[in-house]
Amino acid sequence: MSQFKLMDEDSVSVDSTLNRYQNMVEIKGAVFRPGMYHVGENISTVKALVEAAAGLTEGAISQHAVMHRMRADRTLEVLSVDVRGILEGTAPDVPLRNEDVLYIASREEKNQKQTVTINGEVLYPGTYKYAANESVEDLILCHRGRRPDSSDLQF
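From a predicted model like this one, the values you see are computed outputs, not experimental measurements. (Residues numbered from 1 in each chain as written. Predicted model: local features only at pLDDT ≥ 70, side-chain atom pairs only at ≥ 80, totals over all residues. Heavy atoms only, no water.)

K.L.:
Honestly, the overall build of the chain in this entry has me stumped. Any pointers?
P.N.:
When its secondary structure is counted, the chain shows four helices and seven strands. Put simply, the chain has 155 residues, and 26% of those count as buried. In the chain, the proportion of contacts linking residues at least 24 apart, taken out of those at least 6 apart, comes to 48%. Just so you have it, the chain exposes about 11,600 Å², and 49% of that area is on carbon and sulfur atoms. (Helix = DSSP H or I, 4+ residues; strand = E, 2+ residues; numbered from the N terminus. Buried < 20%, exposed > 50% of the residue type's maximum accessible area, 1.4 Å probe, protein only. Contact = heavy atoms within 4.5 Å. Areas by Shrake-Rupley, 256 points an atom, 1.4 Å probe, with all protein chains shown as cover.)

This is the structure:
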């Protein structure tokens, strides 16, 4: 390196470093304060993590949360976690490890995924929120029926 010299029009590029944290976990989804938390004296279990995140939101699906955990060989493991049972004391608490990610789904997210897509010979094709008991005919009629130039559709 002592003999290396930069010349006019040389370009030097330095990439960013990877953010690797020691003793950090993350909580996502239906909690009031999602984010990264330091695992230590105050936060060492799932119950303590949920409490640090200010608790569950009203729509939380807490009986089946998902924890992603990195194994020693750097492969990913998924654990099912009964957060409701842990908080109520009916299920054993789960100790946290560095890089754990706990995801708690919400009913709102579950309902958002219920969509139906209509394309083709309708005036307003697109993706719409699913309604219980909605038929194909209902869907077409709600989105302004057939285009005037389309052939007759059979139901």
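K.L.:
Please clarify how the environment of P125 should be interpreted in this entry.
P.N.:
With respect to the element layout, P125 can be found in the loop between β6 (115–118) and β7 (126–129). Among residues more than four places away in sequence, those in contact with P125 are I118 and N119.

K.L.:
Just checking my understanding: could you explain the nonpolar core for this structure?
P.N.:
It is characteristic of soluble globular proteins that their nonpolar side chains tend to be buried jointly. Within the largest apolar cluster, 22 residues are counted, with the highest numbers of intra-cluster contacts made by I27, V46, L49, V81, L96, L102 and I104. Those elements that provide at least two residues to this core are β1 (24–29), α1 (46–52), β3 (65–70), α2 (83–88) and β5 (101–104). Sort the elements by how many residues they give to this core and α1 lands first, with three residues. Filtering out sequence-adjacent residues up to four positions away, V81 remains in contact with V46, S62, Q63, H64, A65, M67, I86, V94 and L102. (Core = buried A, V, L, I, M, F, W, Y, C linked by side-chain atoms within 4.5 Å.)

K.L.:
When you look at the sheet that holds β3 in this model, what are you seeing that I'm missing?
P.N.:
Strand pairing in a sheet is mediated by backbone hydrogen bonds. Such pairs are either parallel or antiparallel. Here five strands make up an open sheet; going across it, the order is β2-β1-β5-β3-β4 and the pairing mixed. In this open sheet, the two edge strands, each paired with only one partner strand, are β2 (35–38) and β4 (76–81). With direction set aside, neighbouring strand axes in the sheet form an average angle of 20°. Two strands pair when backbone bridges link them, and β3 and β5 are joined in this way by three bridges, in the antiparallel orientation. Residue pairing across strands places M67 opposite L102, the latter belonging to β5. (Pairing = 2+ DSSP bridges. Axes fitted to C-alpha atoms, helices over the stretch in contact; angles between N-to-C directions.)

K.L.:
Looking at this model, I keep getting lost on a nonpolar patch on the surface. Mind explaining?
P.N.:
Nonpolar side chains collect at one region of the surface, where F4, L6, V12 and V14 lie side by side and expose about 490 Å² of accessible area between them. Looking at where V14 falls in the secondary structure, it is placed in the segment before β1. (Patch = residues over 30% accessible without salt bridge, like charges linked within 9 Å, V, L, I, M, F, W, Y side chains within 5 Å. Salt bridge = Lys/Arg side-chain N within 4 Å of Asp/Glu carboxyl O.)

K.L.:
Quick question: what am I supposed to make of the side chain of R69 here?
P.N.:
With respect to the helices, strands and loops of the structure, R69 is situated in strand β3. Judged by its relative accessible area of 7%, R69 falls in the buried class. A polar side-chain atom of R69 sits 2.8 Å from the main-chain carbonyl oxygen of P95. In this structure the side chain of R69 is engaged in a polar contact, spanning 2.7 Å, whose partner is the side chain of D100. (Polar contact = N/O pair within 3.5 Å; in protein donor to acceptor, adjacent residues only side chain to side chain.)

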